[in-house]
Amino acid sequence: MAQVVIRSLNKKFDEVHAVKDVNLDIRDKEFMVFVGPSGCGKTTTLRMVAGLESITSGRILIDDKVINELPPMDRDIAMVFQNYALYPHMSVYDNMAFGLKMRKFDRADIARRVQEAAEILGIQQLLQRKPRQLSGGQRQRVALGRAIVRHPQVFLFDEPLSNLDAKLRVQMRVELKKLHDRLGTTAIYVTHDQVEAMTLGDRVVVMRDGVVQQVGEPLELYNEPANRFVAGFLGSPAMNFATVKVNRDNGAIWAANTGLQIKAPPEYTDRLGRYVGQEVTLGIRPEDLHVASADDPTELGFDVVVEVVEKLGSEILLDVAAGSDTMVASVEPNVRAKIHDHLRLALNPERLHFFDMHSEAAI
Amino acid sequence: MIEGAIWRRWVFFYFPLTAFIVALLFPFYWMLVTTVRPDSELYRPWNAPNYTPFWTLHPTLEHVRDLLTETLFGTWMLNTMIISLAATAISLFCGLLAGYALSRLKFPFAGSLGTMIFITYLVPQTLLFIPLADIIRNFRLGDSPWALILTYPTFLIPFCTWLMMGYFKSIPKELEECARIDGATRWRAMVYIIFPIAVPGILSAGIFAFTLSWNEFIYALVFLSSPDEKTVPVGVTSELVRGDVFYWGELMAGALLGSIPVAFVYSFFVEHYVASLTGSVKG
C-alpha cells in the first residue's frame, strides 16, 4: 500500500519558480507519468518526492505520512536515473546489493534478493561484471534491478529510457510495463516523450512551466484535452491548429477563415454560441482528416493544395495548405496524391476541438 | 599520429619528439656522468687536449661513497621523506574534504571561498616566508621538522583542494543521489561511492603534493639551520658548496639519489595518474 499525495507543492530556485502549486493524488499501485517539455518542472517534482530537492512550500505524503523533512534514505523509495548512475567501481552484484548492505540485511537475504531480481530481469550471467563492460540495455536492467531488490513502496523513474536507441527503447518500455504489472509497486515516471507517457501510464500528468495542465488517463487526455497545450503536446504528428471566426447563420454555427468554412455540429452550438463574432482556435488531429468523397457533406469539407507527401507505409502524411493555414493529414496508404495536387479534405465532425484564443482552454 | 608523407612525419613528429626527449633527459645524463667522473677529469680545463665532457673512461663511485659517509645525506633523505609524507597526508586529508564540500555542498559564499583558497595559492612563497618565519619563531618551531610539516600545507592544501574539486565535479552527482536513496547517509555515500571513484584524482593530488614538498627549497632553507635537520635540496646545496668551492661530484650524486624517490613514486602510479588527467568517470 503506498499512495503518494502532493499538496500545493512549490519550488523556487533563486529567481525561477520551477514548480507552481502542484496538487496530485497518486493511487496505490498506479503507474503515473509526468510528461512535458524540458524545463516544465516534472523532474524537479520527482526530485522533491525523492528528497533530493528541498521543498519551498507545500506537502508530500506517502501513505498519509508527511515526508517533507525525511532524508531520501528514510522514504522507502527507489529511483532509476537517466544516466543509470551505476557505481562504476562495483560489480553488478554489488551495485544491486549496495542498498541492502546499507540497510544491514544479512548476507543470505541479500544474495537471495539479488538473485531473484536478476532472474526477473534476465541478468543472472552479468552479476560479476563491472558496469563499463555492459551495453546500454544491460546497464538499464541493472539500474532497474538495483531499484527492485529493495521492494520499496514507490519507484521513481527519471527519463530512464532516453539514453537507449529507438529500438531498445520500445523493447524496454514493454518490459517496464510488464515489470510494473508483476510487482504492482506505485510508480512515478518522468519523461518528455509523449509516446512513452501514453503507452506506460495508467494516468498521465501533463506539465508546462511548473503548472499541471491536465491529469487523466492517456486516452482521456488525447480525446478531451483540457487546453491547447495538452492537445498540441500529445499525438504525433501533432494536432493541426487554425484560427477561425465564429459566425451564426440560420441558427447554425459556422467556423470560418480564408481557407475553410465548417459548420459546427449541433452539440457545439451552445458552447460556441457565446463566441459568435469572435475568433477561436480550431484543432483537428491529422487522423481525423480524410480525402473527401461524394458521401461527405460539403459543409464539413475544404479545399487544399498538397505541399509535401510523406509515405510511411501504414499511412500517408499530407502536408497541405488550406488558405493561409498549413495542416497535416494522415490518410489511407492507397491515396494517390502528388505534390501541388488540389484536393478536397473532409473532417470527422465528432472530433473537432475548439480553444479559447486567450486562455487557450478547451471550449 | 601525423598522417601523410614520410617527411611530414619526420618534421612534425619524430624530430620535435627527439629534441624534446634529449632536452628533457640531458640534465639527468649530466648528473650521472658528473657523479661517476673522477675528480681529475672533473676539474680538467675545457681547453685541455683530453677534455671529454660527455663521457668518462674511468667511472668511479667515489663521490657516492663520500656523499653517504662524509655528509649527513642519509639523515637528509629521512628528514625529507618524513616531512614530505606528513605534509602530503595533512594536505590530502584537508584537500579531499574541502574539495568535496566546495564541489558538492550548497552553502553561503561557497563560490567566493573557492576563489579565495585559489588566491592563497597564488601568493608567492618568496613573499610568504617572511611572515611565516615570524610565526614559526613565535611558536618555537624553528629548526624542527614541524616548521615544514605545518608550513607546506599553506601551498599544498589550496592545490589539493582545487585538484580534488575539479575531479569531484567530473563525477556525476546522480551516483551520490542514488546512494543516498539506496540508504547511505551523505558521509557514507562519500566514503563508499565518491572516494573510491576519485582514487585516480586522490593519487595524482598526492603525487603532486609529495613532489612539491620533496623539492621545496625556500622554506626549508629559511626555517632549518642545523645540518642534521636539513632536507635534501637544502642539505646538498648548503653543505656541498663551501664558499666558492663546489664539490660537483657529490652535489650531482646527491641530486641523482635525491630524485630517485620522486621518480619511483611517479612510475609506480603513472597509470592512475594519467587516467586522472585524461579520463572521465562513466556511470
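Our structure's up above, just so we're on the same page.
Positions within a chain are numbered from 1, following the residues in the order the chain's sequence is written. Both sets of labels track the order of writing: A upward for chains, 1 upward for ligands. Local features are withheld for residues below a pLDDT of 70 in this predicted model, meaning they are given only at 70 or higher, and side-chain atom pairs are given and counted only at 80 or more; totals for whole chains, interfaces and linings count all residues. Calculation of side-chain values draws on the structure's entire complement of heavy atoms; hydrogens and water are dropped beforehand.

**Q** Describe in detail the overall build of chain A, supporting the description with residues and values.
**A** Helix and strand counts for chain A come out as nine helices and 20 strands. With the C-alpha coordinates aligned to their principal axes, the bounding extent of chain A is approximately 80 × 45 × 35 Å. Categorising residues by exposure relies on relative accessible area from a 1.4 Å probe, with only protein chains included: less than 20% of the type maximum marks a residue as buried, more than 50% marks it as exposed, and the intermediate range marks it as partly exposed. Within chain A, buried positions represent 53% of all 363 residues. Contact criterion: two residues are considered in contact whenever any of their non-hydrogen atoms come within 4.5 Å of each other. Long-range contacts, defined as pairs at least 24 residues apart, comprise 66% of the intrachain contacts of chain A with a sequence gap of at least 6. For the area figures, the Shrake-Rupley method with a 1.4 Å probe applies, and any residue is considered shielded solely by the protein chains shown. Accessible surface for chain A amounts to roughly 16300 Å². Of this, 47% is attributable to carbon and sulfur atoms. When charges are tallied, Lys and Arg are placed among the positive residues and Asp and Glu among the negative ones, while His and the ends of the chain are skipped. For charged residues, the charge sits on one atom: NZ in Lys, CZ in Arg, CG in Asp, CD in Glu. Distance from the positive charge centre (44 side chains) to the negative charge centre (49 side chains) of chain A: 8 Å. Helix and strand assignments follow DSSP, with helices taken as H or I runs no shorter than four residues and strands as E runs no shorter than two, numbered in order from the N terminus.

**Q** Can you lay out the pattern of salt bridges for me, pointing to particular residues and giving the numbers?
**A** Here, a salt bridge means any Lys or Arg side-chain nitrogen found within 4 Å of an Asp or Glu carboxyl oxygen. Tallied over the full model, the rule gives 21 salt bridges over all chains. Residue arginine 37 of chain B pairs with glutamate 41 of chain B through a salt bridge whose shortest N-O separation is 3.1 Å. Judged on exposure class, the residue arginine 37 of chain B and its partner glutamate 41 of chain B are both buried. Salt bridges sharing common partners tie together Arg27, Glu30 and Arg203 of chain A.

**Q** An account of the interface of chain A and chain B is needed here, citing residue identities and associated values.
**A** With 25 residues of chain A at the interface, the matching set in chain B holds 22 residues. Where chain A touches chain B, the interface holds two salt bridges. Notably, a salt bridge pairs glutamate 177 of chain B with arginine 47 of chain A, separated by 2.7 Å at the nearest N-O pair. Counting of polar contacts relies on pairs of N or O atoms within 3.5 Å, with two restrictions inside protein: one atom must be capable of donating a hydrogen and the other of accepting it, and residues adjacent in sequence are counted only when both atoms are side-chain atoms. Counting across the chain A and chain B interface gives ten residue pairs in polar contact (both at pLDDT 80 or more). For the side of chain A that touches chain B, the secondary-structure elements that each account for two or more residues are α1 (42-50), β6 (77-80), α2 (92-102) and α4 (136-148) of chain A. Under the convention adopted here, Pro, Cys and the residues Ala, Val, Leu, Ile, Met, Phe, Trp and Tyr are nonpolar, Asp, Glu, Lys and Arg are charged, and Gly plus all remaining residues are polar. In terms of residue class, the side of chain A that touches chain B is made up of 15 nonpolar, three polar and seven charged.

**Q** Please set out the pairing of strand β3 (residues 31-35) of chain A residue by residue, giving values where relevant.
**A** All names here are of chain A. Among the five residues in β3, five count as buried, and that is most of the element. Pairs of strands are assigned from DSSP output, requiring at least two bridges between the strands. In terms of strand pairing, β3 meets strand β8 (residues 186-191) through five bridges, oriented parallel. Its bridge partner being in β8, valine 33 is matched across the sheet by tyrosine 189. Pairing analysis gives four bridges linking β3 to strand β9 (residues 203-208), with the strands arranged parallel. Counted as the bridge partner of phenylalanine 34 is valine 205 from β9.

Everything listed is a geometric property; what it means functionally is a separate question.
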